[in-house]
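Here is what each chain is made of, one letter per residue.
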2 protein chains.
Amino acid sequence: MIETPYLLFLGDAPDQLAAKVAQGIKDWRPEYALGQYRMEGCKADMKLPDMDLKAAKEAGAKTLVIGVANRGGIISPAWKKVLVEALEEGFDLASGLHNLLRDEEDLAAVAKACGRQLHDVRVPSVKYPIANGVKRTGKRCLAVGTDCSVGKMYTALAMDKSMRAKGMKSTFRATGQTGILITGDGVPLDAVVADFMAGSIEYLTPDNDPDHWDLIEGQGSLFHVSYSGVTMALVHGGQPDALILCHEPTREHMRGLPGYSLPSLEALRDTALTLAKVANPDCQVVGISVNTQHMSEDEAIAYLGKVEAEMGLPAVDPFRQGADRLADALAEL
Amino acid sequence: MIETPYLLFLGDAPDQLAAKVAQGIKDWRPEYALGQYRMEGCKADMKLPDMDLKAAKEAGAKTLVIGVANRGGIISPAWKKVLVEALEEGFDLASGLHNLLRDEEDLAAVAKACGRQLHDVRVPSVKYPIANGVKRTGKRCLAVGTDCSVGKMYTALAMDKSMRAKGMKSTFRATGQTGILITGDGVPLDAVVADFMAGSIEYLTPDNDPDHWDLIEGQGSLFHVSYSGVTMALVHGGQPDALILCHEPTREHMRGLPGYSLPSLEALRDTALTLAKVANPDCQVVGISVNTQHMSEDEAIAYLGKVEAEMGLPAVDPFRQGADRLADALAEL
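Now for a quick tour of the structure. Just so we're clear, the structure is a prediction, and the values are computed from it rather than from any experiment.

### Examining the packing of aromatic side chains
- Evaluation of the coordinates by the stated rule reveals twelve aromatic pairs over all chains.
- Where Tyr 128 of chain A meets Tyr 203 of chain A, the ring centres are 5.4 Å apart and the plane angle is 75 degrees; that geometry is what we call edge-to-face. Placement of the pair is Tyr 128 of chain A in the loop between β5 (118-120) and β6 (139-145) and Tyr 203 of chain A in helix α7 (residues 197-204), with a sequence separation of 75 residues.
- Ring centres of Trp 28 of chain B and Tyr 154 of chain B lie 5.1 Å apart, and the angle between their planes is 80 degrees; on these two criteria the pair is classed as edge-to-face. Taken together, the residues Trp 28 of chain B in helix α1 (residues 20-28) and Tyr 154 of chain B in helix α5 (residues 152-165) connect sequence positions 126 residues apart.
- Put simply, the rings of Phe 9, Tyr 37 and Trp 79 of chain A pair up and form one aromatic cluster.
- Above the face of the Phe 91 of chain A ring, Lys 57 of chain A is positioned so that its terminal group lies 5.1 Å from the ring centre.

### Focus on the environment of Thr 205 of chain B
All names here are of chain B.
- Mapped onto the elements, Thr 205 comes out in the loop between α7 (197-204) and β8 (212-216).
- Residue Thr 205 is classed as buried on the basis of its relative accessible area, which comes to 0%.
- Taking the C-alpha atoms as reference points, Thr 205 and Thr 137, separated by 68 residues in sequence, lie 9.8 Å from one another.

### Comments concerning the sheet that holds strand β11 (residues 315-316) of chain A
- One open sheet accounts for six strands, arranged β7-β8-β6-β9-β10-β11 (chain A); its pairing is parallel. Two strands in the sheet have a free side with no partner beyond their single neighbour: β7 (169-173) and β11 of chain A.

### Things to note about the sheet that holds strand β4 (residues 92-95) of chain A
All names here are of chain A.
- Pairing in this open sheet of five strands is parallel, and the strands run β2-β1-β3-β4-β5 from one edge to the other. In the strand order of this sheet, the two ends are held by β2 (33-38) and β5, each with one partner. Sheet twist, expressed as the average angle between the axes of neighbouring strands with direction ignored, equals 20 degrees.
- Pairing of strand β1 (residues 6-11) with strand β3 (residues 63-66), which is carried by four bridges, proceeds in the parallel orientation. Pairing of Phe 9 across the sheet is with Ile 66, part of β3.

### Some details on α7 of chain A
- Buried residues dominate α7 of chain A, accounting for seven of its eight residues.
- Met 197, Ala 198, Gly 199, Ser 200, Ile 201, Glu 202 and Leu 204 of chain A are the residues of α7 of chain A that are buried.
- At its buried positions, α7 of chain A is contacted by β7 and α8 (228-237) of chain A together with α7 and α8 (228-237) of chain B.

### Some details on the relation of the copies chain B and chain A
- Expressed as a screw transformation, the operator carrying chain B onto chain A has a rotation angle of 180 degrees and an axial translation of 0.0 Å, and the superposed copies differ by an RMSD of 0.0 Å. The transformation just described matches what one would write down for a two-fold rotation axis.
- Interface overlap between copies: 100% of the residues of chain B at the interface are likewise at the interface in chain A, consistent with a symmetric, same-surface contact.

### Structural notes on the pairing of β1 of chain A
Residue and element names in this part refer to chain A.
- With six of six residues buried, β1 lies mostly within the body of the structure.
- Because side chains alternate across β1, one face comprises the buried residues Tyr 6, Leu 8 and Leu 10, and the other comprises Leu 7, Phe 9 and Gly 11, equally buried.
- Here β1 runs beside β2; their pairing, made up of five bridges, is parallel. In the strand pairing of β2, Leu 7 is matched with Gly 35.
- Each parallel crossover has a hand, and for β1 linked through helix α1 (residues 20-28) to β2 it is right-handed.

### A closer look at the pattern of salt bridges
All names here are of chain A.
- Inspection of every chain in the model, using the stated rule, returns 46 salt bridges over all chains.
- The partner of Lys 306 in a salt bridge is Glu 310, with the nearest N and O atoms 3.8 Å apart. Note that Lys 306 and Glu 310 are positioned in helix α10 (residues 297-311) at a spacing of four residues, about one turn of the helix.
- Classification of Lys 306 as partly exposed rests on a relative accessible area of 46%.
- Here the salt bridges do not stand alone but share partners, grouping Arg 29, Asp 160 and Arg 164 into one network.

### Describing α5 of chain B
Residue and element names in this part refer to chain B.
- Under the 1.5 Å per step criterion, the end-to-end length of α5 is 20 Å for 14 residues, consistent within 8% with the ideal 20 Å.
- Inspection of α5 places Lys 152, Thr 155, Ala 156, Leu 157, Ala 158, Met 159, Asp 160, Ser 162 and Met 163 among the buried residues, and these make up the whole buried set.
- Backbone geometry just after α5 places Gly 167 at a positive phi near 85 degrees.

### Details of the packing of helix α9 (residues 265-279) of chain B against helix α10 (residues 297-311) of chain B
All names here are of chain B.
- For the pair α9 and α10, the least separation of the axes is 11 Å and the interaxial angle reads 45 degrees. What the angle tells us is that α9 and α10 run oblique. Where α9 crosses over α10, the handedness of that crossing is right-handed. On the side of α9, the interface is formed by Leu 265, Glu 266 and Arg 269, while α10 contributes Val 307, Glu 310 and Met 311.
- Class assignment for the residues of the contact of α9 with α10 results in three nonpolar, no polar and three charged.

### A word on the nonpolar core
- Judged by nonpolar contacts, the single largest core of 94 residues is most densely connected at Leu 243 and Ile 288 of chain A together with Leu 243 and Ile 288 of chain B.
- Apart from the residues lying within four places of it in its own chain, the contact partners of Leu 243 of chain A are Leu 142, Val 144, Ala 272, Leu 273, Ala 276, Cys 283, Gln 284, Val 285, Val 286 and Gly 287 of chain A.
- Counting residues in hydrophobic clusters, the runner-up holds 72 residues, among them Ala 13, Ala 22, Trp 28 and Leu 101 of chain A.

### Things to note about the state of the cysteines
- Within the structure shown, the criterion is met by zero disulfides over all chains.
- No disulfide involves Cys 141 of chain A; its sulfur sits 8.7 Å from the nearest other cysteine sulfur, which is in Cys 283 of chain A.
- Accessibility expressed as a relative area gives 3% for Cys 141 of chain A, which makes it buried.
- Left without a disulfide partner, Cys 246 of chain B is nearest to the cysteine sulfur of Cys 141 of chain B, which lies 8.8 Å away.
- Under the relative-accessibility criterion, Cys 246 of chain B is labelled buried at 0%.

### Let's talk about the interface of chain B and chain A
- In this complex, chain B contributes 33 residues to the contact, which on the side of chain A involves 33 residues.
- Here chain B packs against chain A, burying approximately 2,600 Å² in sum over the two surfaces, 62% of which is carbon and sulfur.
- Scanning the region where chain B abuts chain A turns up zero salt bridges.
- Broken down by secondary-structure element, the contributors of at least two residues to the side of chain B that touches chain A are α7, α8 and α9 of chain B.
- Per-element accounting of the side of chain B that touches chain A gives the leading share, six residues, to α8 of chain B.

The rules behind these values
- Residues numbered from 1 in each chain as written.
- Chains lettered and ligands numbered in written order.
- Predicted model: local features only at pLDDT ≥ 70, side-chain atom pairs only at ≥ 80, totals over all residues.
- Heavy atoms only, no water.
- Phe/Tyr/Trp six-rings, centres within 6.5 Å; stacked < 30°, edge-to-face > 60°.
- Helix = DSSP H or I, 4+ residues; strand = E, 2+ residues; numbered from the N terminus.
- Lys NZ or Arg CZ within 6 Å of the ring centre and 35° of its normal.
- Buried < 20%, exposed > 50% of the residue type's maximum accessible area, 1.4 Å probe, protein only.
- Pairing = 2+ DSSP bridges.
- Axes fitted to C-alpha atoms, helices over the stretch in contact; angles between N-to-C directions.
- Contact = heavy atoms within 4.5 Å.
- Least-squares fit on C-alpha atoms with pLDDT ≥ 70 in both.
- Right-handed = clockwise from strand over helix to strand, strands pointing away.
- Salt bridge = Lys/Arg side-chain N within 4 Å of Asp/Glu carboxyl O.
- Expected span 1.5 Å × (residues − 1).
- Parallel < 35°, antiparallel > 145°, perpendicular 65-115°, else oblique.
- Left-handed = near helix turned anticlockwise from the far one by under 90°.
- Nonpolar A, V, L, I, M, F, W, Y, C, P; charged D, E, K, R; others polar.
- Core = buried A, V, L, I, M, F, W, Y, C linked by side-chain atoms within 4.5 Å.
- Disulfide = S-S within 2.5 Å.
- Buried area = accessible area lost by both parts, 1.4 Å probe.

What follows is the structure, encoded as structure tokens:
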């Protein structure tokens, strides 16, 4: 668990997009985002108070989160200076960069001397069990996609927000580094050793209140040959009661796989549900989340109406419309 | 790659079953099994020449393979003495034990001093790529099971043997530690990091002659919730042209999962084929391998006949009957 609240480190981000981790925290966990730390030349702005380390510490910040991706994932000397100072000021550090904080000898030494934690969220920090398939109490929902990167994390976070607003019991369960940094906890599933993948998801979504929903962040796609094994572990380790189908309708081929076309929503529904019923015979597909960012408003509305009629399920773009109808679908289960 | 031929280390095996790795090498790669090394109290016998280290070295053995499993996977002091001497005599060591050779400080030091290799086949030794899904030349066959441990490795090895006898081009591709020790090469798939599972199988089964068959050792089951993600990576990374369905008809529930019943062969066929066609639209299910060890000869023959009629595919027990009919099914594709 990463201690909150955070000071968001934007470094020398070349543009707003480079700071998408910080943006995610600001959007989904604003209560964690006390302020931002920007270096000279930083082109990103989260519209948060600019704070130096001392001011953030006094305001109660516990962890400096690297909210920016840089070319090659390298930790530059200019960054390093700030990170060392942050440890000395009493901050923990959290990062999803490819290059690990712990592999930087100076950071590791200073963290040890100061008694601070280095959280490299790409690397599992837990010895996960092998999945035992035992039925757990509480309810679970998993977002599955026709492809990778179609909006599964966004969908789960939007549903979580809507459900909390409605007074439902809900927890977003992160399975990737951005989600882990946003919420401060989770499983970096793509870095887990094969035998323990499903077990790590059982660990992440334990017994809970009968009316509590875990909203499990999806990864990959059952139809994406590079990552389908990871998705399968979510379907069986998560033993979901409900599936949300996620889709991006303008994509011409599977991400990174020219020559592989996307499956239909019907094919995704049938395959995902067949597999999910192995772990939970009562599982149902309850809604569809469509990423319409590359469509006009009119096109998007028309497309969503068509999908809703064809599939007989609520179909929404949670970015345009919010996720209330998907949350309602869970409430009705 | 582990250098062959081998001297098989049986240690102080309490019974024949404890030496099943050695038995596998003797059965499937007799040309690798120059001799056996037995310690006082050893109750296993491969009916190979008993050799000390010097004699085996003179006979040309290159690697001492630990062909025995012991309680807890521990390397005892009595074993250690032999292993150190083997390194000093110029042998490499190979092991599938949980406790790694490389983690034993004395073995690591002697191996380094003598310039010898320690092969811990449970641990990946290659930095595998992420799968790219590009179609490869040559043909591939994958054994998929209704459950774990139903005879997938045995089936692939028996088919390989039959195909070689018929003059077909065939390579058994190991994906688990026993298979790797038998053949000297392979991918320890259950120990590979999630993101690289499918890529490791692409790496294991590269472009080949158009009439060459890779016989890929299966792992887990699409219907076993603990390991299904591993199986999925085989289905998509292997891009098989042919599937063999493997089954053990007397099992009352999925291995290690009370309350989970086995799928029917029809369900396995439909699910595995649907998923396999994502990576290879021409994939076909060509035969059925049944492990009838818990049935009488009459029961087994009756059961195989019934399955063959119901499924419209050749159904054999390769242990009782050999795998010629499965090899023929590949030849006809």
